Amino acid sequence: MTYQETVEYLFNSTPVFEHIGASAYKEGLETTRTLDEHFGHPHTHFLTIHIAGTNGKGSCSHTLTAILQAEGYKVGLYTSPHLVDFRERIRVNGEMISEQEVIDFVEQERDFFEPLHPSFFELTTALAFKHFAEQKVDIAIIEVGLGGRLDCTNIITPILSIITNISLDHTQFLGNTLGAIAAEKAGIIKHRVPVVIGESVPETQIVFKAKAQKEDALIVFAEDIPAVLSSHPNPDGGIAYQTRFFGNIVGELGGSYQEKNANTVLTAVMQLYNKGVIKNAESIAKGFANVCELTGLMGRWQKLQANPLVICDTGHNIGGWTYLSQQIKRQQCAQKRIVFGMVDDKDLHAVMSMLPDDAIYYWTQPSTHRAFPAEKVAATADDYDLHGNIFPTVLEAYQAALHDAAQSDFIFVGGSSYVVADLLTSLQKK
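Residues numbered from 1 in each chain as written. Predicted model: local features only at pLDDT ≥ 70, side-chain atom pairs only at ≥ 80, totals over all residues. Heavy atoms only, no water.

A. View of the sheet that holds strand β9 (residues 228–233). Pairing is antiparallel across the open sheet formed by 3 strands, whose spatial order is β9-β10-β11. If you trace the sheet from one side to the other, it starts and ends with β9 and β11 (248–251), each paired once. Neighbour-to-neighbour, the strand axes of this sheet turn through a mean angle of 20°, independent of strand direction. Both strand β10 (residues 239–243) and β11 contribute to a ladder of 4 bridges, which runs antiparallel. (Pairing = 2+ DSSP bridges. Helix = DSSP H or I, 4+ residues; strand = E, 2+ residues; numbered from the N terminus. Axes fitted to C-alpha atoms, helices over the stretch in contact; angles between N-to-C directions.)

B. Structural context of the nonpolar core. L10, F86 and F132 are the most contacted members of the largest nonpolar core, which has 33 residues in total. Elements that contribute at least two residues to this core include exactly α1 (3–13), β3 (90–92), α5 (99–113), α6 (120–134) and β5 (139–143). For this core, the element with the most residues is α6, which contributes 8 residues. Among all residues touching F132, those that are not within four sequence positions of it are F46, G76, L77, Y78, I90, R91, V92, V137, A140 and I142. The next biggest cluster of nonpolar side chains, apart from the first, holds 30 residues, and it includes I162, V265, V269 and L272. (Core = buried A, V, L, I, M, F, W, Y, C linked by side-chain atoms within 4.5 Å. Buried < 20%, exposed > 50% of the residue type's maximum accessible area, 1.4 Å probe, protein only. Contact = heavy atoms within 4.5 Å.)

C. Summary view of the environment of I197. Its location among the elements puts I197 in strand β7 (residues 195–197). Each residue touching I197, except ones within four places of it in the same chain, is listed here: I163, F208, I219, V220, F221 and A222.

D. Looking closely at the pairing of β5. Most of β5 sits out of view: 5 of its 5 residues are buried. The alternating pattern of β5 places I139, I141 and E143 and A140 and I142 on opposite faces, both of which are buried. Bridge analysis of strand β1 (residues 47–52) against β5 gives 5 bridges, and the strand direction is parallel. Each residue of the ladder has a partner; that of L47, found in β5, is I139.

E. Structural view of the sheet that holds strand β2 (residues 75–78). If you trace the 8 strands from one edge of the open sheet to the other, you get β4-β3-β2-β5-β1-β6-β7-β8, paired in mixed fashion. With partners counted over all chains shown, the strands left at the sheet margins are β4 (95–96) and β8 (219–221), one partner each. The sheet contacts of helix α4 (residues 57–70) involve β1, β2, β5 and β6 (160–163), and relative to β5 the element is tilted by about 175°.

F. Representation of helix α17 (residues 417–429) in the model. Between the first and last C-alpha of α17 there are 18 Å, a value that for 13 residues agrees with the 18 Å anticipated at 1.5 Å per step. Considered for burial, the residues of α17 that qualify are S417, Y418, V419, V420, A421, D422, L423, L424 and S426. (Expected span 1.5 Å × (residues − 1).)

G. Highlighting the domain arrangement of the protein chain. Segmenting the protein chain into domains produces domain 1 (1–293) and domain 2 (300–427). Placing a centre on the C-alpha atoms of domain 1 and another on those of domain 2 gives a separation of 27 Å. Of the residues lining the interface, 24 residues belong to domain 1; the matching set on domain 2 comes to 24 residues. Here domain 1 packs against domain 2, burying approximately 1,800 Å² in sum over the two surfaces, 52% of which is carbon and sulfur. Where domain 1 touches domain 2, the interface holds 0 salt bridges. For the pair domain 1 and domain 2, the interface holds 4 residue pairs in polar contact (both at pLDDT 80 or more). Listed by contribution, the elements that provide at least two residues to the side of domain 1 that touches domain 2 are α2 (17–20), α4 and α10 (258–274). (Domains from an automatic or database assignment. Buried area = accessible area lost by both parts, 1.4 Å probe. Salt bridge = Lys/Arg side-chain N within 4 Å of Asp/Glu carboxyl O. Polar contact = N/O pair within 3.5 Å; in protein donor to acceptor, adjacent residues only side chain to side chain.)

H. Structural context of the packing of aromatic side chains. With the rule as written, the count across this model stands at 16 aromatic pairs. Where F86 meets F120, the ring centres are 5.8 Å apart and the plane angle is 70°; that geometry is what we call edge-to-face. Of this pair, F86 sits in the loop between β2 and β3 while F120 sits in helix α6; the two residues are 34 residues apart in sequence, bridging distant segments of the chain. Comparing F86 with F120, the two get one shared label, buried. Aromatic side chains F340 and W363 sit 6.0 Å apart centroid to centroid with 90° between the ring planes, which places their arrangement in the edge-to-face category. (Phe/Tyr/Trp six-rings, centres within 6.5 Å; stacked < 30°, edge-to-face > 60°.)

I. A look at the packing of α1 against α5. The geometry of α1 relative to α5 is characterised by a closest axis approach of 9 Å and an angle of 45° between their N-to-C directions. In terms of their interaxial angle, α1 and α5 are classed as oblique. Crossing geometry of α1 relative to α5 is assigned as left-handed. Between α1 and α5, the contacting residues are Y3, T6, Y9 and L10 on the first element and E99, V102, I103, V106, R110 and F113 on the second. Grouping the constituent residues of the contact of α1 with α5 by class yields 7 nonpolar, 1 polar and 2 charged. (Parallel < 35°, antiparallel > 145°, perpendicular 65-115°, else oblique. Left-handed = near helix turned anticlockwise from the far one by under 90°. Nonpolar A, V, L, I, M, F, W, Y, C, P; charged D, E, K, R; others polar.)

J. Spatial organisation of the environment of E259. Within the secondary structure, E259 sits in helix α10. For E259, a relative accessible area of 31% corresponds to the partly exposed category. It is 8.5 Å that separates the C-alpha atoms of E259 and S230, two residues lying 29 residues apart in sequence. Residues within four places of E259 in sequence aside, it is in contact with V228, S231 and Y241. Within the local environment of E259, its side chain forms a polar contact with the side chain of S231, the two groups lying 2.5 Å apart.

Put into structure tokens, the structure is as follows:
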């Protein structure tokens, strides 16, 4: 098989949550443990850091990875979903796994795994752990796929666990209260492994504290003694931070939500500092300043062009849009133009209620079966007095916004990771 045929096989022969939603979700670790045993328990051959949470997992994972790379470690990074290429999910020191290795994995192992009927994510996790062991990484940052307790990444015993925050998302799997969702995320807290909680409320704090006490694990709430004292956006992009322990740091990632992520990361860094894993403050500054270059991160308040200013962002739920909506509203420009679509397991009404009413909208739908039809998005928008035209694809919506925009306008593309993925994929093909 070619690489493209191999990826299509993975997507079409295994249940893929990104494509079909709930029916692809598999509870339990039985298949994961069978795969893990078959490959010789590869995750035991390197140190790990485990990151769960509703929002911010990707930014925190990539920033920590960049810091550890700057410290001189060989670092594996496992994240999801990808935006353009499946291989984005599995990286070592920023380099994606090779196409040939993906091909070889499927061709050589399919006779073993096909009878197990693994999910796409179970298979991808096995491939990631195998790749990291073969590459002899020193440490790997492992991002939880969904939840935590029953997520197939949860076979690892990390040196540090991180839970970024909790908001209402994937309620059909994780529960419809913050406490219930927190209980699922708290499943990654392991015996005597310290855990950093990025953001919490009383309803989630009590859950995290109880689980940490049960596991005799040190628990640190990043908001108790904030590592970030103040922050302000830089004129040329990114954010300047004044920190409690590491002086002034310039973060490459924009987006007002990054201050919370930075506080979480720096609190985690203190734990790694105390363990002797990180020794040099220069590594922290370098990691923050070069996240995208070192790790390949895309889609976080990503600037695509300057005149008109075009930004895309993968924020896709209530928690993410709490920050995005305010930043878009504050954006100085002649006219805001927003290319927008969502997928059907998200709260469309809640996000619509946060969108600015002074923008021109380009309603669309990403190329996934889970997308809300653009017509439904537009009809829902009418309830909130938001108006625009309907476009069948993200690229057509984006091209229309560009055509209509003056040099001083602001174009935002988002609403779903899949909207951003469609745009970046289309732009790469041009």
